[in-house]
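Residue-level structural notes
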Amino acid sequence: MATARLNAYTAAPQAMKAMVALNDFVEGCGLEHSLLELVKMRASQINGCAYCLHMHASDARKQGETEMRLYLLDAWRESSLYSERERAALAWTEALTRLSETHAPDADYEAMARHFSAEEQVNLTVAINMINSWNRIAVGFRSQHPKG
């Protein structure tokens with residue numbers, strides 16, 4: 001098991017304060033909290049952030065998310081449990097999280113544009129970038145998820 005490195009909050013409190021402010025914006029941007037948790041979980045799955053997966057799965061459950069949808073999230077394309085709006089958000093999440101591989105394909109952008117207003121598209125993109133940043137902080141500094 002990897003050992004924790006440094007605590008980003010104590011090492012660079014102003015930087016982390018900025019991250020928390022961005023997180024607060026995303027939480028209040030008007031997108032459905034259930035959708036945001038799916039996006040956060042999917043990006044965290046791709047990025048391999050166990051700490052973030054634990055935290056966002058717990059948050060999703062508190063909001064009433066079903067175990068089946070959580071278990072099938074990494075296979076969302078094959079599951080009928082996700083709405084078209086959620087599918088568009090998850091495709092855009094994958095496209096931006098794997099940007100060097102996908103180059104944000106037009107098909108994923110167009111699907112997002114069909115299901116989200118212009119402001120929601122920007123807010124969703126900011127949310128995806130925010131969770132990818134948190135994942136990189138957590139994985140880079142080896143944040144540990146709770147045991148048990």
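Throughout what follows, the structure given in this document is the object of discussion. (Residues numbered from 1 in each chain as written. Predicted model: local features only at pLDDT ≥ 70, side-chain atom pairs only at ≥ 80, totals over all residues. Heavy atoms only, no water.)

A few points about the nonpolar core
As a reminder of what qualifies: Among buried residues, those of type Ala, Val, Leu, Ile, Met, Phe, Trp, Tyr and Cys that are joined through side-chain atoms within 4.5 Å constitute a nonpolar core. Accessibility here uses a 1.4 Å probe with only protein chains present; expressed as a share of the type maximum, an area under 20% marks a residue as buried, one over 50% as exposed, and anything in between as partly exposed. For helices the rule is a DSSP run of H or I covering at least 4 residues; for strands it is a run of E covering at least 2, with both sets numbered from the N terminus onward. We call two residues contacting when some pair of their heavy atoms lies within 4.5 Å.
Counting residues in hydrophobic clusters, the biggest one holds 25 residues, and the most contacted among them are L31, W92, F116, L124 and W134. Considering each element in turn, this core owes the most residues, seven residues, to helix α9 (residues 118-140). Leaving out residues up to four positions away in the same chain, F116 has contacts with L31, L35, R85, A88, A89, Q121 and L124. Within the second largest apolar cluster, ten residues are counted, among which are M41, A60, L70 and A91.

Examining the side chain of E94
Tracing the sequence through the fold places E94 in helix α6 (residues 84-97). A relative accessible area of 9% means that E94 is categorised as buried. Other than its neighbours up to four places away in sequence, E94 contacts R42, I46, W76, R77 and T102.

Focus: the environment of A18
Here A18 shows up in helix α2 (residues 13-27). Look at A18 and you get partly exposed, because its relative accessible area is 47%. Spatially, the C-alpha atoms of A18 and R5 are 21 Å apart, while their sequence positions differ by 13 residues.

Comments concerning the packing of aromatic side chains
Going by this rule: When two rings of Phe, Tyr or Trp (its six-membered ring) have centres within 6.5 Å they constitute a pair, described as stacked for plane angles under 30 degrees, edge-to-face for angles over 60, and tilted for the intermediate range.
Throughout the structure, instances matching the rule amount to two aromatic pairs. Measuring from centroid to centroid gives 6.5 Å for Y9 and W134, while their planes differ by 25°, and the two rings are stacked. Here the residue Y9 occupies a position in helix α1 (residues 8-11), and W134 occupies one in helix α9, the gap between them amounting to 125 residues. For Y9, a relative accessible area of 47% puts it in the partly exposed group. Relative accessible area serves as the criterion here: at 14%, W134 is assigned to the buried category. For the ring pair W92 and Y109, a centre distance of 5.8 Å and an interplane angle of 65° mean the geometry is edge-to-face. Of this pair, W92 sits in helix α6 while Y109 sits in helix α8 (residues 106-115), and the two are 17 residues apart along the sequence. Its relative accessible area of 7% is what places W92 among the buried residues. According to the relative accessible area criterion, Y109 is partly exposed, its value standing at 39%.

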